[in-house]
Amino acid sequence: MGDIARLKGSPIELDLLRFLEQDVRVLITGITSIHGWPIYRKLMEILPAEKILAVAPPKTMEPCAANVHKVCITERGWLEMKMATFRPSHVIHGGGVCDLDVCEDRPDWAYLMNVGGAKTIREVFSNTCHITYISSDLVFSGAMPLPGGYTEGDMPDPVSVVGKTYLAAEAEISRCTNSCIVRVGLPLGDSFNGGKGAVDWIESRFKRCLPVTMFYDETRSCISCEDLADKVLVLALTGAEGIFHCGGNTPMSLFDIGQMVLRSGNYSKDLLTGASRLNEIGGPPRAGDVCLNSFRLERYIQGTYPG
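Rules used in this analysis
Residues numbered from 1 in each chain as written. Predicted model: local features only at pLDDT ≥ 70, side-chain atom pairs only at ≥ 80, totals over all residues. Heavy atoms only, no water. Axes fitted to C-alpha atoms, helices over the stretch in contact; angles between N-to-C directions. Helix = DSSP H or I, 4+ residues; strand = E, 2+ residues; numbered from the N terminus. Parallel < 35°, antiparallel > 145°, perpendicular 65-115°, else oblique. Left-handed = near helix turned anticlockwise from the far one by under 90°. Contact = heavy atoms within 4.5 Å. Nonpolar A, V, L, I, M, F, W, Y, C, P; charged D, E, K, R; others polar. Core = buried A, V, L, I, M, F, W, Y, C linked by side-chain atoms within 4.5 Å. Buried < 20%, exposed > 50% of the residue type's maximum accessible area, 1.4 Å probe, protein only. Expected span 1.5 Å × (residues − 1). Patch = residues over 30% accessible without salt bridge, like charges linked within 9 Å, V, L, I, M, F, W, Y side chains within 5 Å. Areas by Shrake-Rupley, 256 points an atom, 1.4 Å probe, with all protein chains shown as cover. Salt bridge = Lys/Arg side-chain N within 4 Å of Asp/Glu carboxyl O. Lys, Arg positive; Asp, Glu negative; His and termini not counted. Charge placed at Lys NZ, Arg CZ, Asp CG, Glu CD. 1 Å grid on protein atoms, 1.4 Å probe; cavity = no way out; pocket = protein on both sides within 12 Å on 5 of 7 lines; lining within 4 Å. Points joined across faces, edges and corners; volume = space filled by probe spheres on them. Pairing = 2+ DSSP bridges.

**Some points on the packing of helix H5 (residues 107-125) against helix H6 (residues 161-173)**
Where H5 contacts H6, the axes come no closer than 8 Å and their chain directions differ by 20 degrees. Viewed along their axes, H5 and H6 adopt a mutual orientation that is roughly parallel. The chirality of how H5 crosses H6 is right-handed. Residues Pro 107, Ala 110, Tyr 111, Asn 114, Val 115, Ala 118, Lys 119 and Arg 122 of H5 pack against Val 161, Thr 165, Ala 168, Ala 169, Glu 172 and Ile 173 of H6. When the residues that make up the contact of H5 with H6 are grouped by side-chain class, the tally is nine nonpolar, two polar and three charged.

**Brief notes about the nonpolar core**
Counting 37 residues, the largest nonpolar core has Leu 27, Val 91, Phe 125, Ile 131 and Ile 173 as its most contacted members. Sorting the residues of this core by element identifies strand S2 (52-56), helix H3 (76-85), helix H4 (100-105), H5, strand S5 (130-136) and H6 as the ones contributing at least two each. Counting residues per element, this core draws most heavily on H5, which supplies six residues. Residues within four places of Val 91 in sequence aside, it is in contact with Leu 27, Ile 121, Phe 125, Cys 129, His 130, Ile 131 and Thr 132. The next biggest cluster of nonpolar side chains, apart from the first, holds 33 residues, and it includes Val 24, Trp 37, Leu 47 and Ile 52.

**Some words on helix H9 (residues 254-265)**
For H9, built from 12 residues, the straight-helix expectation of 16 Å at 1.5 Å per residue is met to within 8% by its first-to-last C-alpha distance of 17 Å. Of all the positions in H9, only Leu 254, Ile 257, Gly 258, Met 260, Val 261 and Leu 262 are classed as buried. One or two positions beyond H9, positive phi appears at Asn 266, with a value near 55 degrees.

**Focus on the environment of Tyr 166**
The topology assignment puts Tyr 166 in helix H6. For Tyr 166, a relative accessible area of 7% gives the class buried. Once the C-alpha coordinates of Tyr 166 and Ile 46 are considered, the two residues, 120 residues apart in sequence, prove to be 29 Å apart. Excluding residues that lie within four positions of it along the chain, Tyr 166 makes contacts with Val 97, Cys 98, Tyr 133, Ile 134, Ser 135, Ser 136 and Val 139.

**Overview of a negative patch on the surface**
On the surface, Asp 99, Asp 101, Asp 105 and Glu 280 cluster together to form a negatively charged patch. Along the polypeptide, Asp 99 turns up in the loop between strand S4 (90-93) and H4.

**Thoughts on empty space enclosed by the protein**
A water-sized probe, rolled over the atoms, reveals where empty space remains. Inspection of every chain in the model, using the stated rule, returns one cavity of 30 Å³ or more. If you add up the space inside the largest cavity, you get close to 40 Å³. Residue lining of the largest cavity: Leu 100, Leu 138, Phe 140, Val 159, Ser 160, Pro 285, Arg 286 and Ala 287, and that is the complete set. For the lining of the largest cavity, the residue count by class is six nonpolar, one polar and one charged.

**Here we look at the packing of helix H7 (residues 197-207) against H9**
Direction vectors running N to C along H7 and H9 enclose 55 degrees, while the axes themselves pass 10 Å from each other. For the element pair H7 / H9, the angle class is oblique. The hand of the H7/H9 crossing is right-handed. Here Val 199, Ile 202, Glu 203 and Phe 206 of H7 lie close against H9, whose contacting residues are Ile 257, Gly 258, Met 260, Val 261 and Leu 262. When grouped by side-chain class, the residues that make up the contact of H7 with H9 number seven nonpolar, one polar and one charged.

**Observations concerning the sheet that holds strand S6 (residues 179-184)**
In space, the seven strands of this open sheet follow the order S3-S2-S1-S4-S5-S6-S11, with parallel pairing throughout. Only two strands of the sheet have a single neighbouring strand rather than two, namely strand S3 (68-70) and strand S11 (242-246). Direction aside, neighbouring strands of the sheet carry axes that sit 20 degrees apart on average. Here S5 runs beside S6; their pairing, made up of six bridges, is parallel. Within S6, the position partnered with Ile 131 by the bridge is Ser 179.

**A closer look at the pattern of salt bridges**
A pair can form between side chains of opposite charge whenever their charged atoms are brought close. Tallied over the full model, the rule gives 16 salt bridges. Of the charged contacts in the structure, one is a salt bridge between Arg 76 and Glu 123, with a shortest N-O distance of 2.4 Å. With Arg 76 in helix H3 and Glu 123 in helix H5, this pair connects stretches of sequence that are 47 residues apart. Close ionic contact of Lys 231 with Glu 298 constitutes a salt bridge, the shortest N to O distance being 2.7 Å. You can see Lys 231 sitting in helix H8 (residues 225-237) and its partner Glu 298 sitting in helix H10 (residues 295-304), a full 67 residues away along the chain. Under the relative-accessibility criterion, Lys 231 is labelled buried at 5%. Sharing partners across several salt bridges, the network here consists of Arg 76, Glu 80, Arg 122, Glu 123, Glu 172 and Arg 175.

Here it is, written out as structure tokens:
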């Protein structure tokens, strides 16, 4: 991904023996999402499969593995059963819905999945597990971008149903006795089925010679999927608490991402057009510059893994 760099050394791997000795058992939801898939894959590299319980949406055909279960994240009875039988020490909650158009059309369903799912996770696991919730930079509007990006202390002001439900879900998780909220920038990388995420979507159209229009005034602190997985697991498995921002160091507009995919695949320049989000008609509310300041996370990693 060019200048979107991966966290050097993958320090989470250095603690493998300690995690095994502590009988770390991780329940992770949302593994088919663009952010959940790399976290699940990294977990499979550093822990035995039987110490990982993964949750995917009910109608998902792939992935197929003994530790992957297809169930809705609001299924309280199933989660309570796994609480008793699997006994997770850590929960990484990455499940929910983030499609802007769908969530604007079905706000009640978006609230049920994002806020109701987080509430169910809190009620079932709060007293016994460390819970990490994967939120988003879309809790901010980006209408008045801040130098250096939004910090954890800045007031959220989401403009979309997605952002509003993520923020409400954060409020649920913040009530847990031992929890961490990670607001991530836009993940860039391979998805589990080659059809999710910004890069996959853009490239799928380019490969079919279909045009793409991308906004040049919606800017995100993009982060590679591998880097995201490393950093989220550092926070989750070391028991970090509070809110952390997790974005890359290079701001990129959606149009910039389109240009990156265009160059990497040597596609025709005619396939990509830039536009302003302010001129879109009939689309969902769009954020502006929602780049994140991730200094607190970097400082935490440096303090946890000095040198």
